[in-house]
Every structure is written in structure tokens, then in C-alpha cells.
Amino acid sequence: MNIAIIVEGKNDKSRVRRVLDESIPIYCTYGTPGTEQLEKLRKQIAERDVYIFTDNDSSGKRIRGMLRDVFPDAEHIYTRRGYSGVEHTPEEYVIAQLEKAGLEEHILYPPPAPAPHD
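Criteria and cut-off values
- Residues numbered from 1 in each chain as written.
- Predicted model: local features only at pLDDT ≥ 70, side-chain atom pairs only at ≥ 80, totals over all residues.
- Heavy atoms only, no water.
- Salt bridge = Lys/Arg side-chain N within 4 Å of Asp/Glu carboxyl O.
- Helix = DSSP H or I, 4+ residues; strand = E, 2+ residues; numbered from the N terminus.
- Buried < 20%, exposed > 50% of the residue type's maximum accessible area, 1.4 Å probe, protein only.
- Arc of directions from axis to C-beta.
- Pairing = 2+ DSSP bridges.
- Axes fitted to C-alpha atoms, helices over the stretch in contact; angles between N-to-C directions.
- Contact = heavy atoms within 4.5 Å.
- UniProt positions renumbered as here; feature names shortened; annotations may be inferred.
- Phe/Tyr/Trp six-rings, centres within 6.5 Å; stacked < 30°, edge-to-face > 60°.

### Looking at the pattern of salt bridges
Once their charged atoms are close, side chains differing in charge can pair, the charge on each being opposite to the other.
Then step 1. Taken as a whole and judged by the stated rule, the model has 4 salt bridges.
Then step 2. Put simply, Arg 18 and Glu 91 hold a salt bridge, and the shortest N to O gap is 2.6 Å. Here Arg 18, found in the loop between helix 1 (10-17) and strand 2 (26-28), pairs with Glu 91, found in helix 4 (residues 91-100); they are 73 residues apart in sequence, far enough to count as distant.
Then step 3. Since its relative accessible area comes to 54%, Arg 18 is described here as exposed.
Then step 4. In this structure, Arg 42 and Glu 39 form a salt bridge, with 2.4 Å as the shortest nitrogen-oxygen distance. Pair noted here: Arg 42 and Glu 39 are both in helix 2 (residues 35-45), with a separation of 3 residues, about one helical turn.

### A word on helix 2
Then step 1. Regarding helix 2, the residues found buried are Leu 38, Leu 41 and Ile 45. All buried residues of helix 2 fall inside an arc of 60° around its axis, so they share one side. Set apart from the buried face of helix 2 by more than 90 degrees, the exposed residues are Thr 35, Glu 36 and Lys 43.
Then step 2. Ala 46, located one to two residues past helix 2, shows a positive phi value of around 50°.

### Quick word on the sheet that holds strand 2
Remark on secondary structure: sheet strands pair via backbone hydrogen bonds, oriented parallel or antiparallel.
Then step 1. Strand order in the open sheet formed by 4 strands is 2-1-3-4, with parallel pairing between adjacent strands. Looking at which strands have only one partner, the edges of the open sheet turn out to be strand 2 and strand 4 (75-78). This sheet shows a mean twist of 25° between the axes of neighbouring strands, independent of strand direction.
Then step 2. Where strand 1 (residues 3-7) lies against strand 2, 3 bridges are found, and the strand directions are parallel. Looking at the pairing, Val 7 lines up with Cys 28 of strand 2.
Then step 3. Its contacts with the sheet place helix 2 against strand 1, strand 2 and strand 3 (49-54), and it is angled at close to 170° to strand 2.
Then step 4. Contacting strand 1, strand 3 and strand 4, helix 4 runs over the sheet at an angle of about 155° to strand 4.

### Things to note about the UniProt feature "domain: Toprim" (unreviewed entry) in the protein chain
Then step 1. Those places that UniProt annotates as "domain: Toprim" (unreviewed entry) correspond, in this numbering, to residues 2-86.
Then step 2. For residues 2-86, helix accounts for 38% and strand for 21%, while the C-alpha atoms at its two ends are 23 Å apart.

### A few points about the packing of aromatic side chains
Then step 1. Scanning the entire structure with this criterion turns up 1 aromatic pair.
Then step 2. Geometrically, the ring pair formed by Tyr 83 and Tyr 93 is edge-to-face, given 5.4 Å between the ring centres and 65° between the ring planes. Of the two residues, Tyr 83 is situated in the loop between strand 4 and helix 4 and Tyr 93 in helix 4; the sequence distance between them amounts to 10 residues.
Then step 3. Among the residues examined, Tyr 93 registers a relative accessible area of 16% and is labelled buried.

Here's what the structure looks like:
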């Protein structure tokens, strides 16, 4: 699977990286990308399948729209309203969204919690 994920910032990237194996590159827009930044992303990502995971706020939606123009075939991953951005989304929810996008084989699942002793 030749894929790439685009997020807004480095904190979003580190949140997703914690649950996704190192073979999947994660790129940042570092806020609202300008024309040069969009072109650079387009070149870096090249022929990969793109997954866009931005915040569920007005700036995240604006960035998602700009990325949609550059990557019209991208899959979109959403965080839930109420979470203040990807970086504050619980890992379990990030994992659930990555599963929904069909990325199970790349997810680093946390070890199960030890069973309580009786």
C-alpha cells in the first residue's frame, strides 16, 4: 500500500504517528498552506494514495478544501466535533477513524490492559 497522510501541524502528526507504523509518511501543512506549500506537498506525495486528516474547525475545513483541490481522489478522515483538533483526539478514536479508512494493517494497536487480579 503506497499511501501518505496529511495533517495540519506537528502535534497532529505526533498524535497520528503514535498509532501508525513508521512506513506511512505523514506530511504537515503547518497551518493554511500557500501555493508553494501545496505544490511541494503534491511533489512529495507524487503517486501515493492520500488521506487527509484535519481538525473539525473552520480553519481545518478550509485547509481540507484546499487539499481537496490538489488531491481530488484523497480519502478524508475526520475527528469528532467536540475534540479540539486531531492532536487532542483520544488515540482510540484516531485508531477507529484509521480503521474506517481501511488502514488496519498499518495501525500500532496498544497492548491490552492487564486483567485485574481477583
